[in-house]
Amino acid sequence: MPSVSYDSLMRKFKKITMIASLEGVLNWDSETTLPYNAVEHRTKQVMFLNDLKQKSWGSPDFAKLLETSLKDESLDYFQKRNLELINREFLRRQKLPPDLMSKLMGQSKKTNEIWKRAKSKNQFSMVLPDLEVLFDLNNQVAVKLAELYGLDDPYDALISTRDYGFSVSKISSIFNENRNFLVPMVKKLTEKSETLDTRFLSREISKKQKQRLAERTVEFFTYKSNSDEHAAIGEVEHPLTIACGPRDVRVTVKYEKWEKVLFSASHEVGHGIHRWNYNPEWEGLPVNSYSWPSLGECNSRYTENKIGKSREFWEHYYPTFQEITKGRFADIGLDQFYQVINRVEPGISRMKADEVTYGLHIIIRFEIERELFAGKVELKDLPQVWNDKYEEYLGVQPPDDTVGVMQDLHWYNVYWAYFQGYALGDVMGSQLHNHMVTQYPEWSDSIRNGDYSPVYDYFVEHIYSVGAMYDPLDLIKNVTGEDLTTKYLHQYLTDKYSNMF
């Protein structure tokens, strides 16, 4: 039986998660409906809730209960894991001044709203002053975390906090392997993709049809349509998924080009079903309250690409696509459609990137972040640095900052040291996919028949319901029996594209 101290500590932690769920509701409203004139007060609301959390974490009673619980030798592994996760966060918050964190949260909310306007006007200078304040606050946090962890590199400290078990060195090694594999593959497949007739991509459909495509896409992945009691699909500037409570996980889409809508929906639903399938018996506990970019993006990149862009999926879904679009693409056969949506085409947009070039978009962002925190790049020079990197890695030049350095929300929000998770997620997802195939060899036939359950059940059992019981690298090894490796991503891409064109 757990001690009285442990039980009391968990009750206090559940109150903190309640505050976090309220922050989720405010975040949802901010991203979907908040008027610009309400930004100032919303910033105060966010800071208020953050202060409440900080006071809970910093109370002498909380510290005493944690100290007593950590000494309790009667606790089992599950209870010790909860304490481990709390202690990590407690030590981090003890190191970080409450007023610094309150300023960081408030500034991130303010900068995010200004970014939306700056992006719409293609004026990086409009958001630069607030971005400088936001970066300075993040850098202060990184320096203090580096002191806590005994690290020389503040960016390494941010990476370690975001993706526990990873380091700048380890990520750089993985990305170097990917770069060496991807660059020649991009060159070869781009030449083949250039022979495709892609003109049908420019055909327009109504917003209502795009909404229906999004609804039917997430239905396939078992996150039901808006008629279901737990589903919501919001419209935003930059798609994301927001948890507002244990049975309230909301996905969002930007209704732009229909192709982007399809794969944005299949990406965000990966986040949605991940959070939706946390173990309900653990709700409010640390093991259900923490995740990492690498593991989170593993799930979303998996549903978007390994399923959403698979031949099996489109053999099932293409009639639905034709029905919703009311014959707009009746002259386009499945073979042509499948090749075009999987074309390899170096471009300026991360979110519209194909599976092969995508990793290079992430490497660009990772390297820029690394240089920013090392003091080798100044924020005012970001547009030029960004453009130079795109020319070097992908051979393209963004025509303006709206689709260049301002295309992503991450640096204008709280998501510094997050980008690496997308590419690490591709590596993890490929390794899990290889393992899943050995467990459910019938998976491809099931997808063709419109049945996602074999894959869904695999991820519920091995990933979703496990929560934060294991750190990312440990989880991958526990499930697959191997340390994280790039070989399965490379093999997956080789196999998929060997007979694509």
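Quick summary incoming for the structure in this document.

What counts as what
- For every chain, the first residue of its written sequence is number 1, and the numbers climb from 1 along that sequence.
- With pLDDT at 70 or above as the cut-off, local features in this predicted model cover only qualifying residues; side-chain atom pairs require 80 or more to be listed or tallied, and sums for whole chains, interfaces and linings still use all residues.
- Side-chain measures were taken over the full set of non-hydrogen atoms in the model, leaving aside hydrogen atoms and water.
- Only Phe, Tyr and Trp rings are paired, with Trp represented by its six-membered ring, and only when their centres lie within 6.5 Å; those with planes under 30 degrees apart are stacked, over 60 edge-to-face, the remainder tilted.
- Numbered from the N terminus, helices here are DSSP runs of H or I no shorter than four residues, and strands are runs of E no shorter than two.
- Only protein chains enter the accessibility calculation, which uses a 1.4 Å probe; a residue is then buried when its area is under 20% of its type maximum, exposed when over 50%, and partly exposed in between.
- In what follows, residue pairs with any heavy atoms lying within 4.5 Å of each other are defined as contacts.
- Whether two strands pair comes down to DSSP finding at least two bridges between them.
- Angles run from 0 to 180 degrees between N-to-C directions of axes, and those axes are lines fitted to C-alpha atoms, restricted for helices to the stretch in contact.

### What to know about the packing of aromatic side chains
Stage number 1. Overall, the coordinates contain 47 aromatic pairs when judged by the stated rule.
Stage number 2. Ring centres 4.6 Å apart and planes at 50° place the aromatic pair Y302 and F459 in the tilted group. In this pair, Y302 is assigned in helix 11 (residues 293–307) and F459 in helix 18 (residues 453–462), connecting sequence segments 157 residues apart. For the pair formed by Y302 and F459, the shared burial category is buried.

### Concerning the side chain of E312
Stage number 1. One can find E312 in helix 12 (residues 311–324).
Stage number 2. Among the residues examined, E312 registers a relative accessible area of 15% and is labelled buried.
Stage number 3. Look past the residues within four positions of E312 in its chain and what remains in contact with it is W443, S444, I447 and R448.

### A closer look at the sheet that holds strand 1 (residues 233–235)
Stage number 1. Strand order across the open sheet formed by three strands is 1-3-2, with mixed pairing between neighbours. With one partner strand each, in any of the chains shown, strand 1 and strand 2 (241–245) form the two edges of the open sheet. Averaged over neighbouring strand pairs, the angle between their axes works out to 35° when direction is ignored.
Stage number 2. Note: strand 2 against strand 3 (residues 248–253), four bridges, orientation antiparallel. Residue pairing for strand 3: I242 is matched across the bridge by R250.
Stage number 3. Sitting on the sheet, helix 1 (residues 4–32) touches strand 1, strand 2 and strand 3, and the angle it makes with strand 2 is about 140°.

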